[in-house]
Amino acid sequence: MSVSIARVPTHSASRYLQQLAKHWSHKMEVSFSEQEATIAFPNGATLDLRADSATLDVRLTVADDGDVARMRDVVASHLDRFAFREAPLTFDWQQA
C-alpha cells in the first residue's frame, strides 16, 4: 500500500470535508462528522480527512498497483472545487 499525506492550510477545513463527503456519498462508502471523514473508493483506495481550525489533514491510501498521482489529483481537484474562493489549495503531498 502507498500512503500519501498532506496538511492543507485553510480556515474552512470542516466545511470542505463535509462537502466532499456528502458529494462522494452518492457513489462511495462514506462516514463523516464535522471533524473527520473516511471515504472508500471503488478501486480500493481510502481517503481519511481530519479538520481543525487551521488545516485539513489528508491521508490517501492506494493499492501498490494503483495510480497514486491520479488519485492525488482527484482528491485535490475535488477539494479545490469546494474551495473555489481560496483555490487552489496547497497540497504538499508526502509519502508516509
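Structure: see above.
Residues numbered from 1 in each chain as written. Predicted model: local features only at pLDDT ≥ 70, side-chain atom pairs only at ≥ 80, totals over all residues. Heavy atoms only, no water.

(A) Broad picture of the sheet that holds strand S1 (residues 2-9). Pairing within the open sheet is antiparallel, and its six strands lie in the order S2-S3-S4-S5-S1-S6. Of all the strands in the sheet, just strand S2 (29-32) and strand S6 (94-95) have a single pairing partner and so form its edges. In the packing of helix H2 (residues 68-82) onto the sheet, the strands contacted are S1, strand S4 (46-51), strand S5 (55-62) and S6, and the crossing angle to S5 comes to about 150°. (Pairing = 2+ DSSP bridges. Helix = DSSP H or I, 4+ residues; strand = E, 2+ residues; numbered from the N terminus. Contact = heavy atoms within 4.5 Å. Axes fitted to C-alpha atoms, helices over the stretch in contact; angles between N-to-C directions.)

(B) Representation of the environment of aspartate 52 in the model. Note that aspartate 52 resides in the loop between S4 and S5. In this structure the C-alpha to C-alpha distance between aspartate 52 and histidine 78, which are 26 residues apart in sequence, comes to 19 Å. One polar contact links the side chain of aspartate 52 to the main-chain amide nitrogen of alanine 54, over a distance of 2.8 Å. For aspartate 52, the side chain forms a polar contact with the main-chain nitrogen of threonine 55, separated by 2.7 Å. (Polar contact = N/O pair within 3.5 Å; in protein donor to acceptor, adjacent residues only side chain to side chain.)

(C) The arrangement of the nonpolar core in detail. With 29 residues, the main nonpolar core has Phe41, Leu47, Leu49, Leu56, Val58 and Phe91 as its most contacted residues. Elements represented by at least two residues in this core include exactly S1, helix H1 (13-24), strand S3 (36-40), S4, S5 and H2. Among the elements that take part in this core, H1 stands out by supplying six residues, more than any other. Residues contacting valine 58, with those up to four places away along its chain left out, are Ser4, Ile5, Ala6, Val8, Leu47, Asp48, Leu49, Val75, Phe91 and Trp93. (Core = buried A, V, L, I, M, F, W, Y, C linked by side-chain atoms within 4.5 Å. Buried < 20%, exposed > 50% of the residue type's maximum accessible area, 1.4 Å probe, protein only.)

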